[in-house]
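Here are the chains, one letter per residue:
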Amino acid sequence: MKRNWRDFRPPARALAIVPPFAWLALFLLVPFLLVLKISFADLKFGVPPYTSLAEFGDEAMRVTLHVRGYVLLFTDSLYAGTYLNSIKVAAVTTLWCVLLGYPVAYYIARSRPGLRNLLMLAVILPFWTSLLLRVYAWVGILRNDGVLNGLLMWLGVIDRPLEIYRTDLAVYIGMVYAYLPFFILPLYATLVKLDLRLLEAAYDLGARPWQAFLRVTLPLSRPGVLAGAMLVFIPSVGEYVIPEMLGGANTLMMGRVMWGEFFTNADWPMAASITVVMVLLLLVPLAIFQYGQVRQMEQAREGLR
Amino acid sequence: MADGRLAAQQYPGDPDAFVRVVDLVKIFGDTVAVRSACLSVRRHELFALLGSSGCGKSTLLRMLAGFEQATSGQILLDGEDITAVPPYRRPVNMMFQSYALFPHMTVEANVAFGLRQEGVAANEIHDRVFEVLDLVQMAGYARRKPHQLSGGQQQRVALARSLVKRPKLLLLDEPMSALDKQIRQKTQIELARILDQVGVTCIMVTHDQEEAMTMAHRLGVMTEGRIVQCGTPQEVYAFPASRFVAGFIGSTNLFTGTIVVDEPDHVAIESEDLARPLHVSHGVSEPLGMEVHVSIRPERMVVSRGQPAGERNWAHGMVSHMAWLGRYALYQIRLDSGKVVEASVPSQALSQTDAPGIDDEVYVSWDSDSATVLAS
């Protein structure tokens, strides 16, 4: 094949994706590198509250990497426990989002088009109010003298208020509530595109509706389930607001520990180490997994053309 | 099922019918998709339902498959009433227009789907899947996914998948519509050959009259939710029952006139479009003076520069348009009455004579056995 000058010119597509990537580099990659730098510094009183990594003196540049934060992370069981607990909370949240969100997304995707848009609007509607306000509303609902307990006692279902507020259960309720739309949206997009003739083909070949669901709908909606689960799981791991407002003192999550190190203990290097380890341990493997999934889908789509 | 057999006996029609559709009606909201369709298909027969889009043929096929519930009427298969049987319990399989192959499964898994659903033993599934893949010459592609196959290959897999359960009735929904025009005709003959080899009873739906005539043993022409004529391709082409069928199966020249002579072996019809009466060499049941239509196919029209002998079955006119189509040339000739008729002249005949061109004066003539009288 003969090459001409066009092959060396950046295609218009590349130019179009420069601004968002520049934005991400500036506001995601650069801050992360700063955090990485701070994680290797030592605690110091003053502004900023940490030492610099490189020092000049005696015609030599001395680079000192402090690993106090990392050592503490791997020796103090508090941190390992917090990591595990964060993953547990995120996993349970994701599981509930899958169990509750799948039927909702399925029902919406199978509704007639007019109703479908209305139902999607209802799913997105909560985003019109700030998350903080919505979580405050849950405080009002779940408190011992809140709406839920009031209703249940008025109905005579219970005699004493249920202790939900400031427990793990309250955190789960709040998290599932807040993240459910993030699961429903990508799954709905996958389900609504599913060719219904494939289901007819399955019925035609002897599959009952539930068998057709298990063997056709479910495997074909896998990309939507995975995308939704990622969108729920990843931010759930580092969630701060919901455990802080609804959880008890012993609901330990990464977000709260980070907050504590930064603002209560003013130990920036420690907080930075926690962040770095979380990113490397959790998010990088997930990002690689996600990349593999996307590539697989792209290949399948290219093949269809 | 006893009442199903009873209904089969009550229905007057082909006693050998394997598939029987009795007064089938389907109404969606306030539109009638299928109104009182009646149909008999024999065992091992390849039957084509032919009609333009929206004529109800697809709805009829979907009722045969069980995807749509009939509003009223009956479907009998091998003497059994299957009208209310859900699709997953019917001994009927369908090859979909878009093939509807499962994109997440290999060719082998696609074909095996129906057998697994039946609970057939694994080694038997393997044997039967490869037997049918061999039949469609796709055994070498068993591990591929559908998106790695060409349109023609996907069609063969879809055919294999619909045959592997050995259905009593196979349905084909526009089997060629997703293929390129070049490979269509070859595929039509190949598909008809495989279906004959398997001996499966088959009902196909198509809007393409050539496809129906190439593949089917018999065909039924559908319009406005009704099957208006059934017969072999030759019968329907030579003796269309109505103006609609005459125009739909091939093109035709129609003359409107009244019967002036009615003898057992011929009739004469006077038409405003023709200076001389039309002679038709078959008798009709219509009375004298009744208005009828006469159909003469373009290939039965003879074009000549000289005046034909005799006093009937010819007309004078002028060539208004001519199209060279390779095997034949299509002439449009404006008769003296203003009526435009079409005549197709084989290339061979054209090269032998001094071919008339546009604005040339010509005569068109036809034999009295070339014309067919249509009552409606």
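Cut-off values and rules
Residues numbered from 1 in each chain as written. Chains lettered and ligands numbered in written order. Predicted model: local features only at pLDDT ≥ 70, side-chain atom pairs only at ≥ 80, totals over all residues. Helix = DSSP H or I, 4+ residues; strand = E, 2+ residues; numbered from the N terminus. Buried ≥ 20, exposed ≤ 12 C-beta atoms within 10 Å, placed from the backbone. Contact = placed C-beta atoms within 7 Å. Rg over C-alpha atoms; globule rule 2.2 N^0.38 Å. Nonpolar A, V, L, I, M, F, W, Y, C, P; charged D, E, K, R; others polar. Pairing = 2+ DSSP bridges. Core = buried A, V, L, I, M, F, W, Y, C linked by C-beta atoms within 7 Å. Axes fitted to C-alpha atoms, helices over the stretch in contact; angles between N-to-C directions. Left-handed = near helix turned anticlockwise from the far one by under 90°. Expected span 1.5 Å × (residues − 1). Bend = angle between axes of the 7 residues up to and from the residue. Parallel < 35°, antiparallel > 145°, perpendicular 65-115°, else oblique.

K.L.:
Is there a simple way to explain the overall build of chain B in this structure?
P.N.:
In terms of regular secondary structure, chain B is built from ten helices and 20 strands. Looking at the 376 residues of chain B, the share that counts as buried comes to 39%. Across chain B, the fraction of contacts at a sequence separation of at least 24, relative to all contacts at a separation of at least 6, is 64%.

K.L.:
Explain the overall build of chain A to me, please; I cannot follow it from the model alone.
P.N.:
Within chain A, the regular secondary structure consists of 13 helices and two strands. Relative to the 2.2 N^0.38 estimate, which gives 19 Å for 305 residues, the radius of gyration of chain A is 25 Å and therefore markedly larger than a compact globule would have. Along the first, second and third principal axes, the C-alpha set of chain A runs to 85 × 85 × 35 Å. Across the 305 residues that make up chain A, the buried fraction comes to 27%.

K.L.:
Help me understand the interface of chain B and chain A, please; the structure alone is not making it clear to me.
P.N.:
Many descriptions give the size of an interface as the accessible area lost when the pieces come together. Opposite the 18 residues of chain B that make contact, chain A presents 18 residues. When contributions to the side of chain B that touches chain A are tallied by element, the ones reaching two or more residues are β6 (92-95) and α3 (107-118) of chain B. Sorting elements by how many residues they give to the side of chain B that touches chain A places α3(B) first, with four residues. When its residues are assigned to classes, the side of chain B that touches chain A shows nine nonpolar, seven polar and two charged.

K.L.:
How do you make sense of the pairing of strand β2 (residues 60-63) of chain A when you look at a structure like this?
P.N.:
When a strand is regular, its side chains alternate between the sheet's two faces. All names here are of chain A. Relative to β2, strand β1 (residues 54-57) runs antiparallel, the two being bridged by four bridges. Across the sheet, Glu-55 pairs through a bridge with Arg-62, a residue of β2. Taken together, β1 and the strand that follows it, β2, pair antiparallel across an intervening segment of two residues, in which Asp-58 is found at a positive phi of about 55°.

K.L.:
I'm lost on the sheet that holds strand β1 (residues 17-28) of chain B in this one. Help?
P.N.:
Hydrogen bonds between backbone groups are what pair the strands of a sheet, and the pairing can be parallel or antiparallel. Residues and elements named next belong to chain B. The four strands are arranged β2-β1-β4-β5 in an open sheet whose pairing can be described as antiparallel. A strand with exactly one partner marks an edge of an open sheet, and here the two such strands are β2 (31-42) and β5 (80-81). Relative to β2, β1 is paired through eight bridges, and the arrangement is antiparallel. Bridge pairing in β2 places Ile-27 opposite Val-32.

K.L.:
Got a minute to help me understand the nonpolar core in this structure?
P.N.:
Taken as a class, soluble globular proteins show a tendency for nonpolar side chains to be buried jointly. Ranked by internal contacts, the top residues of the largest apolar core, which has 102 residues, are Ala160(B), Leu171(B) and Ile203(B). Residues in contact with Leu171(B), not counting those within four places in the same chain, are Leu61(B), Leu64(B), Ala65(B), Val92(B), Met94(B) and Ile203(B). Core analysis: the next-biggest nonpolar cluster, separate from the first, contains 47 residues, Leu73(A), Tyr79(A), Met120(A) and Ala170(A) among them.

K.L.:
In this structure, what is going on with the packing of helix α3 (residues 77-110) of chain A against helix α10 (residues 222-237) of chain A? I would like to understand it.
P.N.:
Between two packed helices, both the angle of their axes relative to each other and the distance between the axes serve to describe the pair. All names here are of chain A. Interhelical geometry of α3 versus α10 gives an angle of 145° and a closest axis separation of 9 Å. For the element pair α3 and α10, the recorded crossing hand is right-handed. Where α3 approaches α10, its residues Ser-86, Ile-87, Val-89, Ala-90, Thr-93, Thr-94, Cys-97, Val-98 and Gly-101 are matched on the opposing element by Val-225, Gly-228, Ala-229, Val-232, Phe-233, Ser-236 and Val-237.

K.L.:
Just to check I follow, could you spell out the sheet that holds strand β13 (residues 278-280) of chain B for this structure?
P.N.:
All names here are of chain B. Taken together, five strands build an open sheet; the order of strands is β13-β12-β11-β14-β20 and the sheet is antiparallel. Each edge of the sheet is formed by a strand with only one pairing partner; in this case those strands are β13 and β20 (371-374). Strand after strand, the sheet turns through a mean of 45° between neighbouring axes, direction not considered. Pairing geometry for strand β14 (residues 291-296) and β20, over four bridges, is antiparallel. Paired with His-293 across the strands is Leu-374, a residue of β20.

K.L.:
Hey, could you run me through the environment of Phe102(B) in this one?
P.N.:
With respect to the helices, strands and loops of the structure, Phe102(B) is situated in the loop between β6 and α3. Taking the C-alpha atoms as reference, Phe102(B) lies 55 Å from Val303(B); in sequence the two are 201 residues apart. Setting aside residues no more than four positions away along its own chain, Phe102(B) makes contact with Leu198(A), Val216(A), Asn110(B) and Phe113(B).

K.L.:
Looking at this model, I keep getting lost on helix α1 (residues 12-39) of chain A. Mind explaining?
P.N.:
Residues and elements named next belong to chain A. Relative to the 40 Å expected for 28 residues at 1.5 Å per residue, α1 spans 40 Å between its end C-alpha atoms, a close match to the ideal helical length. Within α1, the axis deviates most sharply at Val-18, by approximately 35°, and proline Pro-19 lies no more than four positions further along. Sparse coverage of α1 is indicated by the burial of two of its 28 residues.

K.L.:
Looking at this structure, how should I read unusual backbone geometry?
P.N.:
Glycine aside, negative phi is the norm for most residues, and most peptide bonds take the trans geometry. Here Gln137(B), not a glycine, exhibits a phi torsion of approximately 60°, which is positive. Considering the arrangement of structural elements, one finds Gln137(B) in the loop between α4 (122-135) and α5 (151-163).

K.L.:
Can you walk me through the packing of helix α5 (residues 131-142) of chain A against helix α7 (residues 168-193) of chain A in this structure?
P.N.:
All names here are of chain A. In contact at an axis separation of 11 Å, α5 and α7 are set at 140° when each is read in the N-to-C sense. Compared by their axis directions, α5 and α7 come out oblique. For the pair α5 and α7, the crossing hand works out as right-handed. Where α5 abuts α7, its residues Leu-131, Val-135, Trp-138 and Leu-142 lie against Ala-170, Ile-173, Gly-174, Tyr-177 and Ala-178. The residue inventory of the contact of α5 with α7, partitioned by class, reads eight nonpolar, one polar and no charged.

K.L.:
What is the right way to read the environment of Gly255(A) from this model?
P.N.:
Residues and elements named next belong to chain A. In this fold, Gly-255 is placed in helix α12 (residues 254-264). With 22 C-beta atoms counted inside 10 Å, the residue Gly-255 sits in the buried group. C-alpha separation for the pair Gly-255 and Val-63, spaced 192 residues apart in sequence, amounts to 30 Å. Ignoring anything within four residues of it in the chain, the contact list for Gly-255 reads Gly-238, Glu-239, Tyr-240 and Pro-243.

K.L.:
Can you walk me through the pairing of strand β18 (residues 340-346) of chain B in this structure?
P.N.:
Residue and element names in this part refer to chain B. Burial of β18 is one-sided: the residues Val-341, Ala-343 and Val-345 facing one way are buried, the residues Val-340, Glu-342, Ser-344 and Pro-346 facing the other way are not. Pairing of strand β17 (residues 328-335) with β18 involves seven bridges; the strand directions are antiparallel. Directly across from Gln-332, in β18, lies its bridge partner Glu-342. Between the antiparallel neighbours β17 and β18 lie four residues, among them Gly-338 with a positive phi of about 100°.

K.L.:
Can you walk me through the environment of Met318(B) in this structure?
P.N.:
Residues and elements named next belong to chain B. Mapped onto the elements, Met-318 comes out in strand β16 (residues 314-324). For the pair Met-318 and Pro-308, spaced ten residues apart in sequence, the C-alpha to C-alpha distance is 15 Å. The residues touching Met-318, leaving out its near neighbours within four places in the chain, are Ile-333, Arg-334, Asp-359 and Glu-361.

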